[in-house]
Amino acid sequence: MALTLEQVATLAGVSRSTVSRVVNDHPNVNAETREAVWGVIHEHGFHPNNAARTLASRRSQMIGLVIPQALSTVFSDPYFPILIQGIAAACEEQEYYLMLSLVRAQSPTTFRRLVGGGHLDGVIVASALAIDPFVDRLPIENFPFVLIGRSLSEAPITTIDADNVHGATMATQHLLRLGYKRIATISGPQDMVAGMDRLEGFRVALRAAGTTPPPEYVQEGDWSEWSGQRGMSTLLSLASLPQAVFIASDAMAIGALKVIRSAGMQVPGDIALVSFDDIPLASSLETPLTTVRQPIHQLGYTAASVLIDRLRNSDRGGEATATRIVLPTELVVRASCGQQSRFAAAQRQPDARDSNTRHIKGGTPQPEPVHG
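Residues numbered from 1 in each chain as written. Predicted model: local features only at pLDDT ≥ 70, side-chain atom pairs only at ≥ 80, totals over all residues. Heavy atoms only, no water.

Trainee: Lay out the packing of aromatic side chains in plain terms, naming residues and giving numbers.
Mentor: Per the counting criterion, the structure on display carries two aromatic pairs. With 5.0 Å between their ring centres and 85° between their planes, Tyr79 and Phe80 make a pair best called edge-to-face. Residues Tyr79 and Phe80 agree in their burial class; the two are buried. When the centroid spacing of 6.5 Å and the interplanar angle of 15° are considered together, the rings of Phe202 and Phe246 count as stacked. Within this pair, whereas Phe202 is found in helix α10 (residues 193-208), its partner Phe246 is found in strand β8 (residues 244-247), the two being separated by 44 residues in sequence. Assigned by exposure class, Phe202 and Phe246 land together as buried. Its end group placed over the ring of Phe276, Arg198 keeps NZ or CZ at 3.8 Å from the ring centre. (Phe/Tyr/Trp six-rings, centres within 6.5 Å; stacked < 30°, edge-to-face > 60°. Buried < 20%, exposed > 50% of the residue type's maximum accessible area, 1.4 Å probe, protein only. Helix = DSSP H or I, 4+ residues; strand = E, 2+ residues; numbered from the N terminus. Lys NZ or Arg CZ within 6 Å of the ring centre and 35° of its normal.)

Trainee: Which residues make up the packing of helix α11 (residues 225-236) against helix α12 (residues 250-262), and what values go with them?
Mentor: It is at 6 Å that the axes of α11 and α12 come closest, and there the two elements cross at 45°. One element, α11, and the other, α12, form an angle in the oblique class. The crossing of α11 and α12 is right-handed. Contacts between α11 and α12 pair Glu225, Ser227, Gly228, Gln229, Met232, Ser233 and Leu236 from the former with Ala251, Met252, Ile254, Gly255, Ala256, Lys258, Val259 and Ile260 from the latter. Class assignment for the residues of the contact of α11 with α12 results in eight nonpolar, five polar and two charged. (Axes fitted to C-alpha atoms, helices over the stretch in contact; angles between N-to-C directions. Parallel < 35°, antiparallel > 145°, perpendicular 65-115°, else oblique. Left-handed = near helix turned anticlockwise from the far one by under 90°. Contact = heavy atoms within 4.5 Å. Nonpolar A, V, L, I, M, F, W, Y, C, P; charged D, E, K, R; others polar.)

Trainee: Give me the lowdown on empty space enclosed by the protein, citing residues and values where you can.
Mentor: Here the structure, examined in full by the defined rule, presents one cavity of 30 Å³ or more. Quantified by volume, the largest cavity comes out at close to 240 Å³. Residue lining of the largest cavity: 20 residues in total, with Tyr79, Ser127, Ala194, Arg198 and Trp223 positioned closest to the centre. Elements represented by at least two residues in the lining of the largest cavity include exactly α6 (79-93), β5 (159-162) and α10. The element that contributes the greatest number of residues to the lining of the largest cavity is α10, accounting for three residues. Its residues assigned to classes, the lining of the largest cavity comprises ten nonpolar, five polar and five charged. (1 Å grid on protein atoms, 1.4 Å probe; cavity = no way out; pocket = protein on both sides within 12 Å on 5 of 7 lines; lining within 4 Å. Points joined across faces, edges and corners; volume = space filled by probe spheres on them.)

Any functional reading would require information beyond the geometric quantities listed.
Structure (structure tokens):
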């Protein structure tokens, strides 16, 4: 029969609280006592009760994932399931539970409900908003969290992000190298940092080429397929049609493709497209998308791993430090940009996995400590 915490303490000749400290890997236990307790545990097959462990350690072994997006967006955009898979994989490895919260408008009530009740040890906030009172309050309350995305706050915040500016710059530069002059964009939402950064990358590439897009060539989307349809419909209504479009997410690019085909036009024959994300569907479309690959699964996995490491470090008396980790992006060249029609077959460089795909890698930024 399995032992209780009290029975382990009796057999080891220590107090119940000492057994709890050993089970929770508390540093203030000497080696001899720790060895005695673990000897009893291994001999009798003791498995600590989760509720008892929570009470003793004041940890719930649960972290929250807060996504400030509408429910329809989260479940229609393939980005979020891949991100959640990465977070869940790290949680499973580290024996943590994951709670998902989808709240578009954060409020004091939201904050109290999520972090005020002691149910969560920490939170991951995905899709950073440019102005987010929820994120601003977390460091003030000294509540452990990690932000997926770049932060505009001056507070020392740990962030995990893809190199959005560089990725968008690469994509736009690729279109310029192919000889396109009239290049438009369907940007991400400008109340979100990733949307701002990808638009900035687009502008950086055009400025370096000595050109500025007319205002009507910049259409704002919200990452959804529908907003890609809306943005492309507007671009196709212009007197001067763009020759190419950088679209800030694959989901929006899929919507744009539908509108172009409905108008009786061809991609890339009439309009070339480059997008961002490289979701699984991007390579299997009738016209496979040239897109910037960001490591979505790795973003989630890294965010959860960093948060859990912070929680365990604080349990051991270590000081939590803010860190900025930027993961590299790469351009994956497929049919939608028109490269194959602009270069001779002899100039193609086939990829080992896909004869119609090649990769242009970006830089590999390193984690940076954030001081503040």
